[in-house]
Structures are given as C-alpha cells and as structure tokens.
Amino acid sequence: MLSSSARVLATRYRGNASNSWKRNSQKAAVVTTSSSPTSSPVAATRFFATLPTEEDDAMDVKVSPWEVPEQVPDEGEWEGCRRNFMSPLQISVRGSDILTNPLYSKGTAFKNGERDRLRLRGLLPHRIMNIHKQIDRFLITLRDLDSNIRKNIMLEDLHDRNETLYHRVLVDHMEEMAPLIYTPTVGQACQEHSSRFRRPRGMYFSEEDRGHMAAMVYNWPQPDVHVIVVTDGSRILGLGDLGANGMGIPVGKLSLYCAAGGIAPHRVLPVVLDVGTDNKELLEDEFYLGAQKPRLRGPEYYHLVDEFMEAVRYRWPNVLVQFEDFDSSVAQRLLDKYRNEHLCFNDDIQGTGATTLAGLLGAIRAKGEEVTSLGDQRILIVGAGSAGIGIAQVLYGAMLEQGYTEQQAKDSFFICDQHGLIGEERVGKLTPETKPFARAEDDGMSIVDVAKKHKPTIVLGVTAVGGLFNEEFVRELAAGVERPIIFPLSNPTVKAECTAEQAFEWTDGKCIFASGSPFDPVEMVDGKTYYTSQCNNMYVFPGVGLGATLCGAKKVSDRMLYIAAKALAECVPEEDLARGQVFPHISKIRMVSHKIAVAVIEEAMRDGLATKISAEDAKDLNEFVARKMYYPEYVPIVEKRTITI
Ligand SMILES: O=C([O-])CC(=O)C(=O)O
Ligand SMILES: [Mg+2]
C-alpha cells in the first residue's frame, strides 16, 4: 500500500521526464522492481554515478567519457552513466605521498599523463590497469581465502590502501561483501581487533583526554566531516563489552555509509570512546589496546560524552552523530540528552526499530493483509534492552499514525525479558520507556506460555541469546497462528535466537523469516526452497544519514524514521513478497538509500527542520540526492597550485 507521498515519488520515478537524468532514473526504477537474481547489481547502482556534496570541495568530481570503463556489461544499462565532464581532484601532495594516501591512490590505475604530472613515473610497475581489472584481480585472491576473517582482513587492507577501489568492490558486490565487512564477520574482527591490529583508523577519546577534546578533533585531517559513528564498546552486537576493540563497528558501519549510502569516504569518522572495559579477559590481555581499567560510570562518564559531543560539533557544526552499540544502561539516556540539540540518532534503538517496522509492514503484506492492520497484530518482543524497547516504541508510534488509540496500540505488545513477560507488578523496577508496555497480567510468564495463551502473530528476538527460540516454542507459535512472523534479530549469526532452517522446519515452512545477520535460503525435504530476508539496520541508517546531512537537518525526528521505514517497505517488489522475502535484495541497497534520503528530506522540509535545501534543489529531490551521492570511481588528479603574481 503506497502512502500518498510515496505514490507521488513512485510516479516521479516512472515519469516521462525529458532530461537525461530522469531517463536514467526510469531505467533504474525498472531494475529495482525486478527481483531476478540475474539482474545486474551494477546496473542497479550505476545510475547514482555522481560524487560528493559541496560544489566547491576539491574532492567533488563528475565522470568524463574517457573514464567510462571498457568492460561495459550492457550498453543500455550504462547509457545514463556517461557524464561528459569530470572535474579533477586537486591535491597538494606529490609522488609517493599520493600512493600512500588511500583517498588519493589508484594503485596501478594511474595513467601515463598522471604518472608524469604527479611525479609517479618509476614508482609504479609498467602496465596500467583499470578499476575493473583491479577488481577482478582482487576478487580472485579474496575468493581463494578459506575463512571470512581472512577475507575481512584482506578487505580492510584494501581499505587502507585504496578507498576508491575498496568502496567500488563493495558497491559492485554488496551481497558478497556486506557479511565480510559487517555482521557477522565484523563481530569476530572486533573480538580479535587488538591481536590483529595493523593500522589505526578513526579516533579514540579516553579519560586522559578530558579537557583536550576540542583541540584533539583538529588532529583529524579532514575539514568537512559529515557523519560520525561512535561507540563506547559496551555492547558490541550481541557479544557484550569489547571495549576499544569495538572500533570495527564504526568502521564497518561507515563503509556502508559510503558504499550503500553515498557519503564520500573523506567525510566519515569512526570513533571509540575508550572509557575502559569491564570485560575481565580484556583487562588481563597483554595485547589489548584499549584502556585497561574498569569502565567509567556515572557523572564522569556522561561528562566525557558531553565533551566529545561539544568538540565534534565545534569543529563540524552540522555533523551527524550515530550512536552505536552502547549498552542499554546508557543508550536511551544519551539519546534523550542529545536528540533535540544535536543532529544524532541511536542506530540500535531507532535504526533497528525503523527497519523492523519496514520488515513487518512487508511481512503483513506478504500474508495478504492490509498494511493498516499492524495494530491488530499480537507482537511478542523477546528482549527488553535498548533494541527491544526501541522497536516497541517505533511500532507503537506507527500504530498511532495508523489511527489506533494508545490503549489499542499498547495492548498489541507482549515484552519479555530474562524474567519472563513484563507485567505491571514490577513496574517500580522498570525504565520509563519500558513501563508503558507492562501487561496488566501474567507477569513473569515464560515465552512458551505466552505463545500458548496469547498466540502471537509476530515474534521478535533481541536477546543476544543464540538458540533461545527452541523447537517447543516455535512449534507452539505455529500451532497458534497460520503463518507466524519470526524475526530472530540478534547479531552476529551465533547469537540469532533460531536459524532459518529451524524456523522453517518447526513451522512446516509456514513462517515468514527475517534475521539480523544473513541466512541463506533453505531447501527443505519437500524439495521446496524457502526464502529468508535480512532485517538489518543497514537498510535504514545510510539513507537516513544521507538525507539528514544533505538537507542540513536540525535533528533526526521520530517521524523521519517512520517515513524511512515506509519508504523501505515500498522498495520490496510484489514477487519477492509472494515468496516471503520482506526486504529488498541487498544489491538494491543504494536505490533504497536514495529513496529513504529523499523521503527524509521531504519530511525535514515539511517539519521545518531542513536548513540547506535551496528552492532549486527542492524542485526535484530525486535528482538532487542522486547528484550528491558519492560513487567510487577514479577521477583525474592534478596539483593544487597557489599562484602568486
Ligand atoms: O550491526 C548490526 O548488524 C546491527 C546492529 O546495529 C547491532 O546488532 O548492534
Ligand atoms: Mg548496533
């Protein structure tokens, strides 16, 4: 079901516009609605082939005909990508300083003219490769490696050498690469971060830095940071307190910001607030690289976060700060503290909430019900941490949007923590966010008994307890309703509450399944294939961040996230829904981010929160966002000169 604004957008995508960009968007729209596995992911992404934002920035580029690669997969699909001018990147360094700078390096792809111009002659082997040859060579070696962690290391090495090539590998092979740079492999990469440390990336702030942070931010070499992802390492995925080893998470999320969300790599900054760790193993580990002392808590902790927030806003006033993997004991409080004054959001609370809402809207559609029936569902959320309550809040908000009363909306929820169903009896012990969802009866009831008695139509797992949804529980769900919607959302894969195979087997293939980390489709003994989806906030945060930064949003409002969820839900083609897939194919992620960004900007403008959209930009936001999206491509490099007369 399309909302009216979405209908307008959909019409725009299909519209008979006369300029060439619109012709391209039409093509792209055709690509996204196809769910055929043979449709080229390259084609789906190419239409966004433009680079960064501010026109006066030296990193901004447009692509020229001579950069259009020889290996064109399909002439038709490329038509729209041939731009006739590519403004050069002006840099002040020369020679080997270029080769060792991952933002500038093209490795063996520097052409002869450039080799002379930039004093690279003799510093590179003779033959000149193009980006496609480089990718082919990289993939052969990568695919030869026998473990995902080795592949992650190889990718991060590339990230450190040549950001353009790294992001292009991600853009062109998103389905294969996302699990290697993100969940599940990023979990292991974090666990082994200290022992495998090679090169620093991002910034660390610790207690010793109190009083210095406003100065420290100037140590970061980039003058125009748009997005920061920050963690204090206290709850890394479902793996718990990993301290400063959590740096892998901001790094992985920001890779997705660039590749999936079209933010240019020089505009992102990964951050760890190294406030110690309560992980005993790390405290005793001779190779652990973070501060080896117990976690800072209480007012001192909040003051440190405060100084950090002030410092980054001082240098980059419009920067978006994404809070990531903060323990539930502090996550909501930090969000509440900053959400109205800073451009920020908490991905685990709000991003997961919005993504889950989108998945549920899809799942309800897949079951053939009306979108408006979200409030008629019985939703069992297992896990009452920041993600569980964040999801409940977003779904609750969506029900109110859909016209349900507060009481009707509240009655839809059954939230369980480790003590069972949360009932009013323990209301004194609950956080303010949890209280509204406490049930009048059945406090402490087990999830199996909740399944028996209340017959939930939807079950969401956010417990970080792998395997919690056991056979007894899942069979009980299937006995209660025809097609249960089962989303084990905990990450990484080992923490998923059940596997796809278990969910399909125990429900005789009837459930609709989506998980936080990816699962392959399942072939059952009946010979039928059952499809899975990945319900991961990677579908939401890049687009929200792109939209919010492009329009200079004053803040990220709840409504922006709701709108983002609806935009995401509308990206799922009917034929995917028909086979139980409730999220768009991952190869379409740039298209999804584009659509979400447009929707977020529209909402920001409606709400008076957009500070940077000119009347000209506002005329065609589809075109505006597409033009501003970074696309990893080599651009000509020239010397920056200061001319004195
Ligand atoms: O990183 C992910 O895949 C999702 C997420 O934010 C988390 O699990 O904390
Ligand atoms: Mg997270």
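As recorded in an unreviewed UniProt entry, the protein chain goes by the name Malic enzyme, listed as coming from Cylindrotheca closterium. Recorded under Sequence similarities (unreviewed entry), the UniProt text for the protein chain is reproduced unchanged: "Belongs to the malic enzymes family."

Q: Would you explain the coordination of the magnesium ion (ligand 2) in this entry?
A: Ideal geometry at a metal centre gives angles of 109.5 degrees when four donors are arranged tetrahedrally and 90 or 180 degrees when six donors are arranged octahedrally. In this structure, Glu324 (OE), Asp325 (OD) and Asp348 (OD) serve as the protein donors to the magnesium ion (ligand 2), at separations of 2.0 Å. Linear spacing of the donor residues for the magnesium ion (ligand 2) on their chain is E-D-x22-D. Of this pair, Asp325 sits in the loop between strand S5 (320-323) and helix H16 (328-338) while Asp348 sits in helix H17 (residues 347-366), and the two are 23 residues apart along the sequence. For the pair formed by Asp325 and Asp348, the shared burial category is buried.

Q: When you look at the confidence of the model for the protein chain in this model, what are you seeing that I'm missing?
A: Do not read the predicted coordinates in detail wherever pLDDT is low. Overall, the prediction assigns the protein chain a mean pLDDT of 88, with 85% of residues at 70 or greater. Of the regions scoring below 50 in pLDDT, residues 1-84 engages in 175 contacts with residues more than four places distant in sequence or in other chains. Model confidence for the complex is summarised by a pTM of 0.87, with the ipTM given as 0.95.

Q: Before we go on, may I ask you to explain the pattern of salt bridges in this structure?
A: A side chain of one charge can pair with a side chain of the opposite charge if their charged atoms are brought near each other. Here the structure, examined in full by the defined rule, presents 41 salt bridges. Between Glu207 and Lys293 there is a salt bridge, with the nearest N and O atoms lying 3.3 Å from each other. Here Glu207 is found in the loop between strand S2 (203-206) and helix H12 (213-216), whereas its partner Lys293 is found in the loop between helix H14 (280-284) and helix H15 (298-315), with 86 residues between them in sequence. One salt bridge in this structure joins Arg475 and Glu471, with 2.9 Å as the shortest N-O distance. Residue Arg475 and its partner Glu471 are both found in helix H21 (residues 471-480); the two are separated by 4 residues, about one turn of the helix.

Q: Explanation requested: the site of ligand 1 in the structure shown.
A: Taken together, Tyr182, Thr183, Arg235, Leu237, Lys253, Glu324, Asp325, Asp347, Asp348, Asn491, Asn536 and Asn537 form the complete shell of residues around ligand 1. In this structure, Lys253 approaches ligand 1 through a side-chain N or O atom, which is 2.9 Å from an oxygen atom. A distance of 2.8 Å separates an oxygen atom of ligand 1 from a polar atom in the side chain of Asp348. Out of a free accessible area of 260 Å², ligand 1 has 93% covered by protein chains.

Q: Explanation requested: the sheet that holds strand S11 (residues 485-488) in the structure shown.
A: Sheet strands pair by backbone hydrogen bonding; their relative direction is either parallel or antiparallel. Strand order in the open sheet formed by 7 strands is S9-S8-S7-S10-S11-S12-S15, with mixed pairing between adjacent strands. Bordering the open sheet on either side are strand S9 (420-421) and strand S15 (533-534), each of which pairs with just one other strand. Sheet topology places S11 next to strand S12 (residues 512-515); 2 bridges connect them, and they run parallel. Counted as the bridge partner of Ile485 is Ile512 from S12. Here H17 sits on the sheet and contacts strand S10 (458-461), S11 and S12; the angle it forms with S11, its principal contact strand, is near 155 degrees. Running at roughly 175 degrees to strand S8 (residues 413-417), helix H18 (residues 386-401) makes contact with strand S7 (379-382), S8 and S10 of the sheet.

Basis of the calculations
As a convention, each chain's residues are numbered from 1 in the sequence order in which they are written. Chain A is the first chain written and ligand 1 is the first ligand written, with later ones labelled in order. Selection of residues for local features in this predicted model requires a pLDDT of at least 70, selection of side-chain atom pairs for listing and counting requires 80 or more, and totals for whole chains, interfaces and linings are taken over all residues. Side-chain descriptors were evaluated using all non-hydrogen atoms of the structure, hydrogens and water having been removed beforehand. UniProt positions are given in the numbering used here, feature names are shortened, and annotations may be inferred rather than shown by experiment. Coordinating donors are taken as N, O and S atoms within 2.8 Å of the metal, stretched to 3.2 Å for Na, K and Ca; because water is absent from the atoms, sites can appear incomplete. The secondary structure listing takes helices from DSSP runs of H or I that are at least 4 residues long and strands from runs of E that are at least 2 residues long, numbered from the N terminus. Note on classification: 1.4 Å probe, protein chains only; a residue is buried when its accessible area is under 20% of the maximum for its type, exposed when over 50%, partly exposed between these limits. Looking at any residue, its pLDDT shows the predictor's confidence there, from 0 to 100. Whether two residues are in contact is decided by their heavy atoms: any pair within 4.5 Å suffices. Here a salt bridge means any side-chain nitrogen of Lys or Arg lying within 4 Å of a carboxyl oxygen belonging to Asp or Glu. Near, as used in this document, describes a residue that has one of its heavy atoms within 4 Å of the molecule or strand being considered. Polar contacts, as used here, are pairs of N or O atoms within 3.5 Å; protein pairs need one atom able to donate a hydrogen and one able to accept it. Residues neighboring in sequence count only if both atoms are side-chain atoms. To be clear on the numbers: accessible area is Shrake-Rupley with a 1.4 Å probe, and residue cover counts the displayed protein chains and nothing else. A pair of strands is considered paired only if DSSP assigns at least 2 bridges between the two. Angular values range over 0 to 180 degrees, each being the angle between N-to-C directions of two axes fitted as lines to C-alpha atoms, with helices fitted over their stretch in contact.

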